[in-house]
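One letter stands for each residue in the lines below.
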Amino acid sequence: MSDRVKVMTLIVLAVSFLCYTLFLYKENYSSNAEYGTMADKGKRLWQEKNCNACHQIYGLGGYLGPDLTNVYSNRSEAYIKHFLQNGTNIMPAFHLTEQQMNEMLAYFKSIDSSGNASPAKLKPNYDGTIER
Ligand code: HEC
């Protein structure tokens, strides 16, 4: 390859790189962009408020409070809301807005439909699979 071709290739690559970079950074990405389902937002809230410090989901998390994987089907929405609004002498009150409360409930509903908090209640089959 002659020097002229090498220099031309380098220039083409450099210009392409600059154009691509400009194209990418021209887009205005807002960190507060709304995205995701209600359940996604509830999960984010769960992480922001650090509920996992005291509660488990699918058996993982802190052990001060109970596992909340199936809290949605075990308790009523009003019961869960009451805990979040008022807390107890161990659990702090979170004073969530109505919208945040509904997002949290959507998250509980989604994890409730996808997992079981008490593996002891699952019935193991001979082939290693399980039944609910
Ligand atoms: C400091 C520890 C702590 C944190 C943080 C915490 N909780 Fe709790 N939570 C508890 C304890 C302990 C209980 C059991 C009630 C009691 O003994 O006061 C409880 C009970 C609950 C219950 C009722 C469960 C049942 O079946 O009775 C719900 C629902 C709940 N918490 C949701 C949450 C959510 C959602 C968050 C995050 C926004 C959260 N908690 C953060 C300690 C905590």
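Residues numbered from 1 in each chain as written. Predicted model: local features only at pLDDT ≥ 70, side-chain atom pairs only at ≥ 80, totals over all residues. Heavy atoms only, no water.

Student: Please provide a residue-by-residue account of the side chain of Thr69, values included.
Tutor: Residue placement: Thr69 occurs in the loop between strand S2 (60–61) and helix H3 (71–74). The class of Thr69 is buried, set by a relative accessible area of 0%. Setting aside chain neighbours within four positions, we find Thr69 in contact with Gln56, Ile57, Tyr58, Gly59, Phe108, Ile111, Asp112, Gly115, Asn116 and Ala117. (Helix = DSSP H or I, 4+ residues; strand = E, 2+ residues; numbered from the N terminus. Buried < 20%, exposed > 50% of the residue type's maximum accessible area, 1.4 Å probe, protein only. Contact = heavy atoms within 4.5 Å.)

Student: Before we move on, could you go through the site of the ligand and cite the residues and values that matter?
Tutor: Around the ligand, 22 residues are found, and the nearest of them are Cys51, Cys54, His55, Thr88 and Met91. Within the contact set of the ligand, an oxygen atom lies 2.4 Å away from a side-chain nitrogen or oxygen of Thr88. When atoms are counted within 2 Å of each cavity's grid points, the one that captures over half of the ligand is the largest pocket. Elements that contribute at least two residues to the shell around the ligand include exactly helix H4 (77–86) and helix H5 (98–114). (Near = heavy atom within 4 Å. Polar contact = N/O pair within 3.5 Å; in protein donor to acceptor, adjacent residues only side chain to side chain. 1 Å grid on protein atoms, 1.4 Å probe; cavity = no way out; pocket = protein on both sides within 12 Å on 5 of 7 lines; lining within 4 Å. Sits in = over half its atoms within 2 Å of the grid points.)

Student: Requested: an account of the layout of surface pockets, with residues and values cited.
Tutor: Roughly 550 Å³ of internal volume is contained in the largest pocket. Surrounding the largest pocket, 27 residues form its lining, His55, Pro66, Leu68, Phe83 and Met91 being those nearest its centre. Looking at the lining of the largest pocket, the elements that each hand over two or more residues are H3, H4 and H5. Looking at the lining of the largest pocket element by element, the count peaks at four residues for H4. Taken together, the residues of the lining of the largest pocket sort by class into 18 nonpolar, six polar and three charged. (Points joined across faces, edges and corners; volume = space filled by probe spheres on them. Nonpolar A, V, L, I, M, F, W, Y, C, P; charged D, E, K, R; others polar.)

Student: Requested: an account of the coordination of the iron atom of the ligand, with residues and values cited.
Tutor: All of the protein donors around the iron atom of the ligand are His55 (NE2) and Met91 (SD); their distances to the metal are 1.9 to 2.1 Å. For the iron atom of the ligand, the six donor atoms are set out with angles of 85 to 178 degrees between them, so the coordination reads as octahedral. In this pair, His55 sits in the loop between helix H2 (38–48) and strand S1 (56–57) while Met91 sits in the loop between H4 and H5, placing the two residues 36 residues apart along the sequence. Using a relative accessible area of 17% as the deciding quantity, one classes Met91 as buried. (Donors = N, O, S within 2.8 Å, 3.2 Å for Na, K, Ca; no water. Tetrahedral: all angles 85-135°; square planar, octahedral: opposite > 155°, others 65-115°.)

Student: Break down the packing of H2 against H5 for me, with residues and values.
Tutor: Running from N to C, H2 and H5 cross one another at 100 degrees; their axes reach a closest spacing of 7 Å. Here H2 lies roughly perpendicular to H5, going by the angle between them. On H5, the residues touching Met38, Ala39, Lys41, Gly42, Lys43, Leu45 and Trp46 of H2 are Gln99, Gln100, Asn102, Glu103, Met104, Ala106, Tyr107, Phe108 and Ser110. Of the residues assigned to the contact of H2 with H5, the class counts are eight nonpolar, five polar and three charged. (Axes fitted to C-alpha atoms, helices over the stretch in contact; angles between N-to-C directions. Parallel < 35°, antiparallel > 145°, perpendicular 65-115°, else oblique.)

Student: An account of the nonpolar core is requested, with residue identities and associated values reported.
Tutor: One finds Trp46, Leu84, Met104 and Phe108 to be the most contacted residues of the largest nonpolar core, which totals 17 residues. Mapped by element, the contributors of at least two residues to this core are H2, H3, H4 and H5. Residue contributions to this core peak at six residues, all from H5. If we ignore the near neighbours within four places in the chain, the residues touching Met104 are Gly42, Leu45, Trp46, Cys51 and Leu84. (Core = buried A, V, L, I, M, F, W, Y, C linked by side-chain atoms within 4.5 Å.)

None of this, on its own, says anything about what the molecule does.
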